[in-house]
Amino acid sequence: SEIGLIGKKIGQKKEFLSSKRMMILEELKEKGISDKNILDAIKKVPRELFVNKISIQRAYENIPLPIDCEQTISQPYVVAYMIDCLKLKKKDTVL
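In this report, we go over the structure that sits alongside the text. (Residues numbered from 1 in each chain as written. Predicted model: local features only at pLDDT ≥ 70, side-chain atom pairs only at ≥ 80, totals over all residues. Heavy atoms only, no water.)

## Some points on the overall build of the protein chain
What counts, and what does not: By definition, any uninterrupted DSSP run of H or I lasting at least four residues is a helix, any uninterrupted run of E lasting at least two residues is a strand, and each is numbered from the N terminus. The buried label applies to any residue whose accessible area, calculated with a 1.4 Å probe on protein chains only, is under 20% of its type's maximum; exposed applies above 50%, and partly exposed to all values in between. The contact criterion used throughout is that any non-hydrogen atoms of two residues lie within 4.5 Å. Residue exposure ignores everything except the shown protein chains as possible cover, and the areas themselves are Shrake-Rupley values with a 1.4 Å probe.
Counting its regular elements, the protein chain contains three helices and two strands. Taken over 95 residues, the protein chain has a buried fraction of 23%. Long-range contacts, defined here as pairs at least 24 residues apart, represent 41% of the contacts in the protein chain between residues at least 6 apart. For the protein chain, the accessible area works out to roughly 7400 Å², and carbon and sulfur atoms hold 58% of it.

## Overview of the pattern of salt bridges
We apply this condition: Whenever a carboxyl oxygen of Asp or Glu lies within 4 Å of a side-chain nitrogen of Lys or Arg, that contact is scored as a salt bridge.
Summed over the entire model, instances satisfying the criterion amount to five salt bridges. Notably, a salt bridge pairs Asp40 with Lys36, separated by 2.6 Å at the nearest N-O pair. On the criterion of helical spacing, the pair formed by Asp40 and Lys36 is a turn pair, its members being four residues apart in helix H2 (residues 36-44). Asp84 is the salt-bridge partner of Lys87, the closest N and O atoms lying 3.7 Å from each other. Judged by its relative accessible area of 52%, Lys87 is exposed. Looking at Asp84, the relative accessible area reads 17%, which means it is buried.

## Regarding a nonpolar patch on the surface
Convention followed: The residues that make up patches have over 30% relative accessible area and no salt bridge, and they are joined within 9 Å when like-charged or within 5 Å when they are Val, Leu, Ile, Met, Phe, Trp or Tyr.
A surface patch of nonpolar side chains, amounting to about 350 Å² of accessible area, comprises Ile83, Leu86, Leu88 and Val94. Structurally, Ile83 can be placed in helix H3 (residues 76-86). The partly exposed category is assigned to Ile83, whose relative accessible area is 35%.

## Side note on unusual backbone geometry
Not every positive phi belongs to a glycine, and Cys69 is a case in point at roughly 60 degrees. Assignment of secondary structure puts Cys69 in the loop between strand S1 (65-66) and strand S2 (72-73). Given a relative accessible area of 68%, Cys69 falls into the exposed group. Within the chain, Glu70 stands out as a residue other than glycine whose phi angle is a positive 55 degrees. Locating Glu70 in the fold gives a position in the loop between S1 and S2.

## Some words on the environment of Asp92
Worth spelling out the cut-off: By the criterion applied in these results, polar contacts are pairs of N or O atoms within 3.5 Å in which, for protein atoms, one can donate a hydrogen and the other can accept it, and in which residues neighboring in sequence qualify only through two side-chain atoms.
Inspection of the secondary structure assignment puts Asp92 in the segment after H3. Looking at Asp92, the relative accessible area reads 39%, which means it is partly exposed. There is a polar contact of 2.7 Å between the side chain of Asp92 and the backbone nitrogen of Lys89.

In structure tokens, the structure reads:
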């Protein structure tokens, strides 16, 4: 049925993005990001929700991607590196 086919495609897309998410985590570790909290946050936050529809397939590549208002979302390594440089503690609050 058409509904079954749509469900299958959605499942395949989620599996693809999950696989890509795991690959970027490994790449970040190779580049020296070792803070478990940072890696967990990147693993949990679905980057594909923040990019344009045309960029969803590339959401977990280590590149900046276009978002609204002619801006870009930084590449995952840059985000992880900046957060790591902050050396945040449990009590810290960040906006």
